[in-house]
Structures are given as structure tokens and as C-alpha cells.
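# A structural walkthrough
Chain residues, written in single-letter form:
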Amino acid sequence: MTENFTIVDHPLVQHKLTLMRRKDTPTAVFRQLLREISTLLAYEVMRDLSLTEREIETPLATMKAPVLAGKKLCLVSILRAGNGLLEGMLDLVPSARVGHIGLYRDPETLRPVEYYFKVPHGIEGRMVIAVDPMLATGNSSAAAIDRLKKAGANQIRLVCLLAAPEGVANFQEVHPDVPIFTASLDSHLNERGYIVPGLGDAGDRMYGTK
Ligand code: URA
């Protein structure tokens, strides 16, 4: 599980995650912390973006200075909880393009069913960073990545806040080429598919829907 799997162990990330896990953390604070952590996760997932040089003029001299190379990257939110990771990442890369993928779990088959898909044009030439706070069973993230690959994406990374070992194994079986970045690898999934110790339902905690 060490290949293509990064735990962002920065002390600020770990501290903020602990605050988010606490069951008495209010909705507004939870959302704010998620925004802050997502900026820090974005910093790590984008650490090796390619640079090129451009000539600029400072007040003192002309120089060749580094700028990001290639097409604007694309952030893809896996709805609905993915939206919580989006805002903090956009704070860091405001000109990123943004896609959305909506999936729900069929109550009979428990398989993910797509209800929405919209991504920017030219996705095949962009780095695509898919975001979903909870990598639990891994089914919906894997289905979202399948869909992105079918749409032409060929440089994909997945960012989640928490991961369960079961979800990582499932995901990596289908998409070994997609690096995962997370703030924590938790203990296990319970019988209802929740990450333990986890933080509960990320969407509900973010939007106060429970
Ligand atoms: N989704 C959540 O929001 N929380 C979990 O623990 C698992 C899946």
C-alpha cells in the first residue's frame, strides 16, 4: 500500500483533522477546517507540477523566471462531499478548471450509478485531481475515475481526507496508476460502510443535514 499512496503528515494537517473528527465540532467550523486542510493537501498533491521559464522584468532586471507549464489543471469534485475539498484547492489555484461527477449508490446492487457528469474540454491534456473526502469502500471513487478515463483523462490523482484500508485496496486493484493523497489511513470500515474511527458522514457534517 506504499506505492502510489501518500499520507500528508504535516502537523497542521494532522491537528486540523483531529479537530474535524471531534463529534462536537460545529458545522461551520468543520467546513472551515476542511477548506484549510484541502489547501494544504493541494500543496502536496501539486508538489511535482512541471515548470517552464518565462522572461519577465522585475523593477531591476530582466530574468527568466519559473511558471507552471502546460494546460490549466482540472479539479473534479465527486458530489456532494467533494465540494468541501474544492474551495480550499481553488484558493490555491484559482484558475484551475472544475468538473463535477454525481454518483449515488443503488440500494439493491450497492453499485454506484452516475446521475451527473460535466468536465472541461480538453481533459486529456490536463492534470486531473479528483477530490472525495472519504475513501471508504472505494467503489464510488473508482467509478468516478473510470468515467474520467473514458472521457480521456490520462493524468489523474485522487485526494481524500480519510482512507480505509479496504477502500485503498479496492481502489488500487482497479486503478493502480492513480496516486492517492490522504491525511490519514484509518483502522477499518464498519458493517455500514463507515470509516472507523473516522469523522462520521462528511457530507452531513459539512452541510448540517443530520
Ligand atoms: N462516507 C462518509 O461520509 N463517511 C464515512 O465514514 C464513509 C463514507
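Quick summary incoming for the structure in this document. Note that the coordinates shown come from a computational prediction; the quantities given were computed from them, not determined experimentally.

Cut-off values and rules
Residues numbered from 1 in each chain as written. Predicted model: local features only at pLDDT ≥ 70, side-chain atom pairs only at ≥ 80, totals over all residues. Heavy atoms only, no water. Helix = DSSP H or I, 4+ residues; strand = E, 2+ residues; numbered from the N terminus. Rg over C-alpha atoms; globule rule 2.2 N^0.38 Å. Buried < 20%, exposed > 50% of the residue type's maximum accessible area, 1.4 Å probe, protein only. Contact = heavy atoms within 4.5 Å. Areas by Shrake-Rupley, 256 points an atom, 1.4 Å probe, with all protein chains shown as cover. Lys, Arg positive; Asp, Glu negative; His and termini not counted. Charge placed at Lys NZ, Arg CZ, Asp CG, Glu CD. Phe/Tyr/Trp six-rings, centres within 6.5 Å; stacked < 30°, edge-to-face > 60°. Lys NZ or Arg CZ within 6 Å of the ring centre and 35° of its normal. Pairing = 2+ DSSP bridges. Right-handed = clockwise from strand over helix to strand, strands pointing away. Core = buried A, V, L, I, M, F, W, Y, C linked by side-chain atoms within 4.5 Å.

## A word on the overall build of the protein
Each helix and strand in the protein was counted, giving six helices and 12 strands. In summary, the protein has a C-alpha radius of gyration of 18 Å against a globular reference of 17 Å for 210 residues, a match within 12%. Dimensions of the protein, computed from the C-alpha atoms along their principal axes, are close to 65 × 40 × 30 Å. Expressed as a percentage of the 210 residues in the protein, the buried residues total 43%. Of the contacts made within the protein by residues no fewer than 6 positions apart, 62% connect residues no fewer than 24 positions apart. Here the protein has roughly 11100 Å² of accessible surface; of this, 52% comes from carbon and sulfur atoms. One way to put it: in the protein the 24 positive side-chain charges average out to a point 4 Å from where the 24 negative ones average out.

## Structural notes on unusual backbone geometry
Going from Leu 79 to Arg 80, the amide bond is cis rather than trans, its omega being -5 degrees. Assignment of secondary structure puts Arg 80 in the loop between β4 (74-78) and α3 (83-92). The omega torsion of the bond from Val 196 to Pro 197 falls at 0 degrees, within 30 degrees of zero and hence cis. Note on placement: Pro 197 falls in the loop between β12 (195-196) and α6 (202-207). For Asn 4, which is not glycine, the phi dihedral falls at a positive 55 degrees. Relative to the helices and strands, Asn 4 is located in the segment before β1 (5-7). Look at Asn 4 and you get partly exposed, because its relative accessible area is 30%.

## Describing the packing of aromatic side chains
The final tally for this structure, using the stated rule, is one aromatic pair. Ring centres of Tyr 104 and Tyr 115 lie 6.5 Å apart, and the angle between their planes is 35 degrees; on these two criteria the pair is classed as tilted. Note that Tyr 104 is positioned in strand β5 (residues 97-105) and Tyr 115 in strand β6 (residues 112-118), a separation of 11 residues in sequence. Relative accessible area serves as the criterion here: at 43%, Tyr 104 is assigned to the partly exposed category. Overall, the relative accessible area of 48% leaves Tyr 115 in the partly exposed class. Taking NZ or CZ as reference, Arg 147 lies 3.8 Å from the ring centre of Phe 117, over its face.

## Observations concerning the pairing of strand β10 (residues 180-185)
Residues in a regular strand project their side chains so that they alternate between the two faces of the sheet. Counting buried residues in β10 gives five out of six residues, a clear majority hidden from the surface. Two elements, β1 and β10, share three bridges in a ladder whose sense is parallel. Bridge pairing links Ile 7 to Thr 182 in β10. Across five bridges, the pairing between strand β9 (residues 156-163) and β10 is parallel. Across the sheet, residue Val 159 finds its bridge partner in β10, namely Phe 181. The β-α-β motif built from β9, the intervening helix α5 (residues 165-174) and the parallel element β10 has right-handed crossover chirality.

## Comments concerning the nonpolar core
By size, the foremost hydrophobic cluster in this structure holds 37 residues, and its most contacted members are Met 46, Leu 73, Leu 75, Ile 129, Val 159, Leu 161 and Leu 199. Contributions of two or more residues to this core are made by α1 (11-21), α2 (27-45), α3, β7 (128-131), β9, β10 and α6. It is α2 that provides the largest number of residues to this core, a total of seven residues. For Leu 73, the contacting residues outside a window of four places in its chain are Met 46, Leu 49, Val 93, Ala 96, Arg 97, Met 127 and Ile 129. Residues Ile 101, Ile 156, Val 168 and Phe 171 belong to the second largest nonpolar core, which totals 24 residues.

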